[in-house]
Amino acid sequence: MGFTSRVAACGYFGVVRVRSDLPDLPAAKVKTMLRGLPAAHGYRVSVKPLRYRDRPHLSAWTDFDAREIVLQVPRPFFPFGEVVAHAAKRRPGKGLRFIWITEGVTFRTYRQVLRFLYLHEWMHWYLKERLGKTSRAETACDRFALRNFRRRTVTESDAAMALVHR
């Protein structure tokens, strides 16, 4: 049984519908954790459990047909680390070869996981719905989420800055 709440993810960005399938993480609590982040207008945010075999990891997706962003929270939850590839540098030589630029991140709380996943998926939404581009820019989405998930307030101008790799 899911819990649904209509919440303002950020005062001046509008209203987002939130649904949680986790009894210990109701929609109102998710709303509080996502406060200050830009809203994906017209999309519902769903929080679901992620049951893993060996170790916790990040998992989320955007269903553009259903107009839904799904965030999966590892169950049971323990602090865990994830290597995030946020840029690529071309290697000299024949063909297209790259060196991935990565950063290790330790997720200690539900809040950190939800904010990182939401920002990553929101960037996919922004690329498709706002800019009319393909939403398959994984490194740009990871770069945006990595730079911003710990910040109190995030705006669309932060998303535009993430599209420019420094």
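Refer to the structure presented above.
Residues numbered from 1 in each chain as written. Predicted model: local features only at pLDDT ≥ 70, side-chain atom pairs only at ≥ 80, totals over all residues. Heavy atoms only, no water.

Trainee: It is not clear to me how helix α2 (residues 110-130) should be interpreted in this structure. Could you clarify?
Mentor: Given 3.6 residues per turn, any residue in an α-helix points the same way as the ones three and four places further on. A rise of 1.5 Å per residue sets the reference length of α2, with its 21 residues, at 30 Å; its end C-alpha atoms lie 28 Å apart and thus fit the reference within 8%. Most of α2 is tucked away, with 17 of its 21 residues classed as buried. The positive-phi residue at the C-terminal boundary of α2 is G132, with phi of around 70°. (Helix = DSSP H or I, 4+ residues; strand = E, 2+ residues; numbered from the N terminus. Expected span 1.5 Å × (residues − 1). Buried < 20%, exposed > 50% of the residue type's maximum accessible area, 1.4 Å probe, protein only.)

Trainee: Just to check I follow, could you spell out the nonpolar core for this structure?
Mentor: Nonpolar side chains in soluble globular proteins tend to be buried together. Among the nonpolar cores identified, the biggest contains 43 residues, and L25, L114, Y118 and W122 are the most heavily contacted of them. When residues of this core are assigned to their parent elements, the largest contribution, 12 residues, is made by α2. (Core = buried A, V, L, I, M, F, W, Y, C linked by side-chain atoms within 4.5 Å.)

Trainee: How do you make sense of a nonpolar patch on the surface when you look at a structure like this?
Mentor: On the surface, L96, F98 and W100 cluster together to form a nonpolar patch covering roughly 370 Å² of accessible area. With respect to the helices and strands, L96 occurs in the loop between β6 (80-90) and β7 (98-107). Note on L96: relative accessible area 66%, which makes it exposed. (Patch = residues over 30% accessible without salt bridge, like charges linked within 9 Å, V, L, I, M, F, W, Y side chains within 5 Å. Areas by Shrake-Rupley, 256 points an atom, 1.4 Å probe, with all protein chains shown as cover. Salt bridge = Lys/Arg side-chain N within 4 Å of Asp/Glu carboxyl O.)

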